[in-house]
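Topology and contacts: notes
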Amino acid sequence: MLTLRVFLLCLTFNWCHGADLSNKFFPKNFQFGLSTSAYQIEGGWNEGGKGESMWDRYFHENTSRSLDGYNGDVTCDSYHRWEEDVQILKDIGVDVYRFSIAWTRILPDGTTKHINQEGVNYYLNLIKALRDNNIEPLPTLYHWDLPQHLSELGGWLNPQIATYFGDYARICYQMFGEHVKRWLTINEPKSTCLIGYGSINNAPGLELIGDGIYQCAYVQLLAHAKAYRIYDEEFRNSQGGVVSIALDHPWSEPYSDSPLDVEAANIENQFGLGWYAHPIYHGNWPQPMIERIGNRSLLEGYTFSRLPVLSNEDVEYIKGTHDYFAINIYTGYYTQHIDDYGVGEPSYWLDKGNNVFSDPSWPKSSSDWLTSYPEAMRKLLNWIKVEYNPAEVMVTENGWPDSTGTLEDQERITYMQGYLSNLLDAIDDGVNVIGYLHWSLLDVLEWNAGHTQRLGLVHVDFESANLTRTWKNSAYWYQNLLTTRCLVDNCQ
Ligand code: BGC
């Protein structure tokens, strides 16, 4: 039954009819949910014994790094308002809530020398409240907020960080594992490395786009593998959960049928997703990366490849560290071959080459990297099946930014309808997609864009004393979808 409000919205915006939308029901066990991350939602940056993270340092050191002056010190204040947020999740009707654990809330300086019980209690309370409300907790161990102390040790450039990460993961499994059946180790390692270690735009703001980014990827893969193996060896028998890593990639589509464009799109997908997925599923970097970076490095005067060589031991250690495929899918691009750039500055962008662009007809969001190309969902899910053949795939993020946070967010609804319809098509194609988690529950802090980019289903008034949460139309729409499990009037 549609609620009156949803019924009226349906009539006004013609939501329920969507001529081109799939008329299939979502499968019975399909899980719907919402995603957030600690730094973006919690606030309480130095409360309850929490230590400093590299994002705390990054913004405090230079306030102009945030577009509108907002940082994660308070943001949605979920550190204090988590009960209200759990209530919203319950009212929307989600099956799963994906959040992240702030490493520095559990281990203030990142090391096991002090376990902060107040931080542990915060997540225990959250996890238990979710369980009490029949919502499955899906914690991510690391969503970009490295302890500042470990950042000073070299951060993700230092292989020792993988050991620290393993120790931290073990503590999380010990503390929370009884109530958690699905884990994610690291969120979007590619974004951390490319934007944080390859540009000034994310913490720690290093510009090592020719070499640091590849070392960062190597260390994050080791860290992920360590956390996976610790679960496998020490906890799986007693806790019976599953562990994976959340990768991200905008689908790359050949601009034309020409073999050069087809190959260019493959290179793009390999540099984008294969960079991480290939070692985890097949045991080494994708061949196009090995060849292109290796060749260019030699031409640039290096005696070795800027892409670290994985030893046999590394390959064996990283390979197979997946229980399900977790993927964040937001957008897609066309890819066109261009003749190789001459040898210049070592750079990821030059290593992969290619001209990458959106179709002018695709609706634009308020973020320049994100246009709406719903078919990206179906195509990327199918590509994942062909390349990695995972038993289960979960879409752990998908979302639409606008700059106003309007409650009348029809654009977001249209975006979700298109992507979810393509997800159903992918299921029809034979991809075993088991869940969809929308980003995000609230208008969380959008990193260096502050609150200028709003992705929540629920609006947050950052000027109000209570940080008032107000449902947008998309929240009502999602609530209705979770009841009907169908994108159109009548599903088969
Ligand atoms: C990240 C989120 C971010 C979202 C929207 C994802 O890449 O995991 O932290 O807020 O995209 O930009």
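Description of the structure in this document.

What counts, and at which threshold
- Residues numbered from 1 in each chain as written.
- Predicted model: local features only at pLDDT ≥ 70, side-chain atom pairs only at ≥ 80, totals over all residues.
- Heavy atoms only, no water.
- Core = buried A, V, L, I, M, F, W, Y, C linked by side-chain atoms within 4.5 Å.
- Buried < 20%, exposed > 50% of the residue type's maximum accessible area, 1.4 Å probe, protein only.
- Helix = DSSP H or I, 4+ residues; strand = E, 2+ residues; numbered from the N terminus.
- Contact = heavy atoms within 4.5 Å.
- Near = heavy atom within 4 Å.
- Polar contact = N/O pair within 3.5 Å; in protein donor to acceptor, adjacent residues only side chain to side chain.
- Areas by Shrake-Rupley, 256 points an atom, 1.4 Å probe, with all protein chains shown as cover.
- Nonpolar A, V, L, I, M, F, W, Y, C, P; charged D, E, K, R; others polar.
- Axes fitted to C-alpha atoms, helices over the stretch in contact; angles between N-to-C directions.
- Parallel < 35°, antiparallel > 145°, perpendicular 65-115°, else oblique.
- Left-handed = near helix turned anticlockwise from the far one by under 90°.

Before going further, it helps to spend a moment on the nonpolar core. Among the nonpolar cores identified, the biggest contains 145 residues, and Trp156, Phe176, Ile327, Leu381 and Tyr478 are the most heavily contacted of them. The element best represented in this core is helix 10 (residues 212-239), accounting for 15 residues. Every residue in contact with Ile327, bar those within four places of it in the chain, is listed here: Leu247, Asp248, His249, Leu273, Leu380, Leu381, Ile384, Val393, Met394, Val395, Thr396 and Glu397.

Next up on the list: the site of the ligand. Neighbouring the ligand are the residues Gln40, His143, Asn187, Glu188, Tyr330, Trp369, Glu397, Trp439, Glu446 and Trp447. Between the ligand and Gln40 there is a distance of 2.8 Å, counted from an oxygen atom to a side-chain nitrogen or oxygen. A total of 310 Å² of accessible area belongs to the ligand in isolation, and the protein chains cover 94% of it. In the shell around the ligand, the residues fall into 4 nonpolar, 3 polar and 3 charged.

Right, let's talk about the packing of helix 11 (residues 259-282) against helix 15 (residues 375-388) for a bit. Contact pair helix 11 / helix 15: the axes reach a minimum separation of 11 Å and the direction vectors enclose 45°. For the element pair helix 11 / helix 15, the angle class is oblique. Note on packing geometry: the crossing formed by helix 11 with helix 15 is right-handed. Here Asn266, Asn269, Gln270, Leu273, Gly274, Ala277, His278, Tyr281 and His282 of helix 11 come into contact with helix 15, specifically with Leu380, Trp383, Ile384, Glu387 and Tyr388. Class assignment of the residues belonging to the contact of helix 11 with helix 15 gives a composition of 7 nonpolar, 6 polar and 1 charged.

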